[in-house]
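# Observations on chain architecture
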Amino acid sequence: MWKFNNPVNILFGEGSLSTLGQQLNNRRYAVVTYDNAHFAAIATEIKAQCPGCVTVFNQVAENPDLADLEAICAAFKPHQNEIEVLVALGGGSVIDTTKALAVAKDDHRVIANVLKQHAPVENPLPMIVIPTTTGTGSEVTSWATIWDKDSGCKYSLNDSALFPEAAICDPTLTLELPVSLTIQTGLDALSHAMESIWNRNANPISLMYATEAIALIRETLPKLVNEPSNLDLREKMMKGSLLAGLAFSNTKTSIAHNMSYAVTLETGLPHGIACSFTLPAVLCSFAFSECPTAQSLRQLFGDDINAAAKELESWIHKLNVHTSPEHYGYNKEKWQQIVTDALDGERGKNFPGCSQQLLNQFI
Ligand SMILES: NC(=O)c1ccc[n+]([C@@H]2O[C@H](COP(=O)([O-])OP(=O)(O)OC[C@H]3O[C@@H](n4cnc5c(N)ncnc54)[C@H](O)[C@@H]3O)[C@@H](O)[C@H]2O)c1
Ligand SMILES: [Zn+2]
């Protein structure tokens, strides 16, 4: 038996931002976004178009940390009786901060209780999410990544009540995303799609979304690097990221993500690079397998998984991204430890492949 559920109302395409008023339906809202002029200007436009804005929260830190949530919860406090819905305008850091705020409201300690003491998520505020990067898929997932650099941990705030009410995916908002961030977030999306395939929770619907996402991202990302202002390509990349998001919204991620968290915490390597530089090696670990995952991979990449992994590696290299752990400061011994720990981690347990075959890729 398998099941698939995603309740997010998706509004996709150029100009879809203009549907925000309809989605708000006369509710009082707050915008959550980054603290910079570019996003302040878009928030001002939103306020002008959609009546009912109570305030704009810009206390968002990149890779939100438990410690960062105190400021935004304090800012929420004076407005707690007015805000009926949160509008997230930004990439994964904004969307995940919004999910945390929806749960914590005026008391940041609630998040630590949920993450560390497994307290239940109670009555989160509804959210409308407007992604401005093309990678995390957080607009269609029910979890948020919250970091805790003090204790060297990465937490997942995870509850079905955290699916956004609506995702407004307007590619015009990504036209100014710098090329380096386009590559990083695009590789994150590719990783989500691939990780949903080598995953114990894979199912026919997640496979369908992942297949389409991988084809779109592989075709579009290299072109986008050369033509970052091409709206058609931006739209294709946004679709690829969304479909990858839908795929992993029901499977969660797997071993490449679990290896990445240690790397990001130790070295600060951006999430999109950390979770994707190992993809060729993970793919290659299925080369001699006949398991159902290997069969799905052969349907997608052809009979020769080894050759497909090499092709993927050179595709990643053309984006100027290195694929060896050594490049990121890991010798063989240290890397084997990362892989072993990751196989044991929560997401690593989703990996249906052979641990030894995976370790062999790095010897
Ligand atoms: N919840 C999930 O399902 C999920 C999945 C993957 C990653 N994540 C998390 O998301 C975070 C990363 O998010 P991200 O990769 O989207 O990046 P981000 O939100 O951290 O943003 C990175 C930078 O891009 C800039 N930026 C964003 N949109 C822009 C635009 N349209 N134009 C110009 N600049 C823009 C921001 O100002 C910021 O400086 C990490 O913390 C990661 O762990 C969450
Ligand atoms: Zn990711």
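Per-chain numbering applies: the sequence of each chain, read as written, is numbered from 1 onward. Key to labels: chains lettered from A, ligands numbered from 1, both in the order written. Restriction of local features to residues with pLDDT of at least 70 applies here, the model being predicted, together with a cutoff of 80 or more for giving and counting side-chain atom pairs; totals for whole chains, interfaces and linings are based on all residues. The basis for every side-chain value is the complete set of heavy atoms in the structure, and neither hydrogens nor water enter the calculation.

### Comments concerning the pairing of strand β7 (residues 153–158)
Note the cut-off: A strand pair is defined by DSSP finding two or more bridges across the two strands. Put simply, DSSP marks the helices as runs of H or I at least four residues long and the strands as runs of E at least two long, and each gets a number from the N terminus on.
Where strand β6 (residues 143–148) meets β7, six bridges bridge the pair, whose relative direction is antiparallel. The residue of β7 that forms the bridge with Ala-144 is Leu-157. What sits between the antiparallel neighbours β6 and β7 is a turn of four residues, in which Gly-152 has the positive phi angle 65 degrees.

### With respect to the packing of aromatic side chains
Quick reminder of the rule: Aromatic rings from Phe, Tyr and Trp, taking only the six-membered ring of Trp, are treated as a pair when their centres fall within 6.5 Å; an angle between ring planes under 30 degrees marks them as stacked, one over 60 as edge-to-face, and anything in between as tilted. Relative accessibility thresholds used throughout: buried, under 20% of the residue-type maximum; exposed, over 50%; partly exposed, between the two (1.4 Å probe, protein chains only). Charges are assigned to positions over rings by a cutoff of 6 Å between ring centre and Lys NZ or Arg CZ, combined with an angular limit of 35 degrees from the ring normal.
This model, assessed by the stated rule, comprises 11 aromatic pairs. A centroid spacing of 5.9 Å and a plane angle of 70 degrees characterise the contact between Trp-147 and Tyr-261, whose relative ring orientation is edge-to-face. In this pair, Trp-147 sits in strand β6 while Tyr-261 sits in helix α9 (residues 255–267), placing the two residues 114 residues apart along the sequence. Note on accessibility: Trp-147 and Tyr-261 belong to one class, buried. Between the aromatic rings of Phe-277 and Tyr-328, the centroid separation amounts to 4.4 Å while the plane-to-plane angle is 35 degrees, which identifies the pairing as tilted. Pair noted here: Phe-277 is in the loop between α10 (271–274) and α11 (279–284) and Tyr-328 is in the loop between α13 (305–318) and α14 (332–344), with a separation of 51 residues, a long-range link. A single burial state applies to Phe-277 and to Tyr-328, both of which are buried. Directly above the aromatic system of Tyr-261 lies the positively charged group of Lys-154, at a separation of 4.2 Å from the ring centroid.

### Structural notes on the side chain of Asn-6
To be explicit about the condition: The definition of a polar contact used here is a pair of N or O atoms within 3.5 Å, where within protein one atom must be able to donate a hydrogen and the other to accept one, and adjacent residues in sequence count solely through side-chain atom pairs. By definition in these notes, contact holds between two residues if any of their heavy atoms fall within 4.5 Å.
You can see Asn-6 is positioned in the segment before β1 (9–12). A distance of 3.1 Å separates a polar side-chain atom of Asn-6 from the backbone nitrogen of Val-8. Of the polar contacts made by the side chain of Asn-6, one reaches the side chain of Ser-249; its length is 3.0 Å. Asn-6 has contacts with Val-140, Phe-163, Leu-246, Ser-249 and Asn-250, leaving out every residue within four places of it along the chain.

### Some thoughts on helix α12 (residues 292–301)
Residues three or four positions apart in an α-helix share a direction because the helix packs 3.6 residues into each turn. Stated formally: Think of it as the arc spanned by the lines of direction from the helix axis to the C-beta atoms.
All of the buried residues in α12 are Thr-293, Ala-294, Leu-297, Arg-298 and Phe-301. Projection of α12 onto a plane perpendicular to its axis shows the buried side chains occupying an angular sector of 140 degrees, all on one side. Residues of α12 that are exposed and angled more than 90 degrees away from the buried face: Pro-292 and Gln-299. Taken together, the buried residues of α12 touch α6 (179–197), α7 (204–226), α11 and α13. Following α12 by one or two positions, Gly-302 has its phi on the positive side, about 95 degrees.

### Topic: the UniProt feature "domain: Alcohol dehydrogenase iron-type/glycerol dehydrogenase GldA" (unreviewed entry) in the protein
We count it as follows: UniProt positions are given in the numbering used here, feature names are shortened, and annotations may be inferred rather than shown by experiment.
UniProt records the feature "domain: Alcohol dehydrogenase iron-type/glycerol dehydrogenase GldA" (unreviewed entry) at residues 7–171, using the numbering of this structure. With 29% helix and 25% strand, residues 7–171 has its two end C-alpha atoms placed 22 Å apart.

### Examining the packing of α7 against α13
The condition that has to hold: For every element, the axis is a line fit to its C-alpha atoms; helices are fit only across the contacting stretch, and the angle between N-to-C directions ranges from 0 to 180 degrees. What sets the label is the angle itself: under 35 degrees gives roughly parallel, over 145 gives roughly antiparallel, 65 to 115 gives roughly perpendicular, and the rest give oblique. Crossings are classed by handedness, with left-handed meaning an anticlockwise turn of the near helix from the far one by less than a right angle and right-handed meaning a clockwise turn.
The interhelical angle for the contact between α7 and α13, taken along N-to-C directions, is 30 degrees, at an axis separation of 11 Å. With respect to α13, the element α7 is oriented roughly parallel. Judged by the sense of rotation from one axis to the other, the crossing of α7 with α13 is left-handed. Only Glu-311, Leu-312 and Trp-315 of α13 make contact with α7, whose side of the interface consists of Ile-217, Arg-218, Leu-221 and Pro-222.

### Thoughts on the coordination of the zinc ion (ligand 2)
Cut-off, in case you're wondering: Donor criterion used throughout: N, O or S atom within 2.8 Å of the metal, extended to 3.2 Å for Na, K and Ca. Water excluded; incomplete-looking sites may result. For a four-donor site, all angles between 85 and 135 degrees give tetrahedral; for four or six donors, opposite pairs above 155 degrees with the remaining angles between 65 and 115 give square planar or octahedral; all remaining cases count as irregular.
Around the zinc ion (ligand 2), the protein contributes the donor atoms Asp-188 (OD), His-192 (NE2), His-257 (NE2) and His-271 (NE2), which lie 2.1 to 2.2 Å from the metal centre. Around the zinc ion (ligand 2), the four donor atoms sit at angles spanning 83 to 166 degrees, and that spread fits a shape best called irregular. With a relative accessible area of 3%, His-192 lands in the buried category.

### Topic: the sheet that holds strand β8 (residues 166–169)
Read across the open sheet, the six strands follow the order β1-β8-β5-β4-β2-β3; overall the sheet is parallel. What marks the edges here is a single partner per strand, and that holds for β1 and β3 (53–57). Sheet twist, expressed as the mean angle between neighbouring strand axes with direction ignored, is 15 degrees. Sheet analysis places strand β5 (residues 127–131) next to β8, joined by two bridges and oriented parallel. Considered in β8, the bridge of Ile-128 is made with Ala-166.

### What about unusual backbone geometry?
Leaving glycine out, the prevailing phi sign among residues is negative, and the prevailing peptide bond configuration is trans. Even without a glycine there, the phi angle at Asn-25 is positive, about 50 degrees. Mapping Asn-25 onto the fold places it in the loop between α1 (20–24) and β2 (29–33). By relative accessible area, Asn-25 is classed as exposed at 55%.

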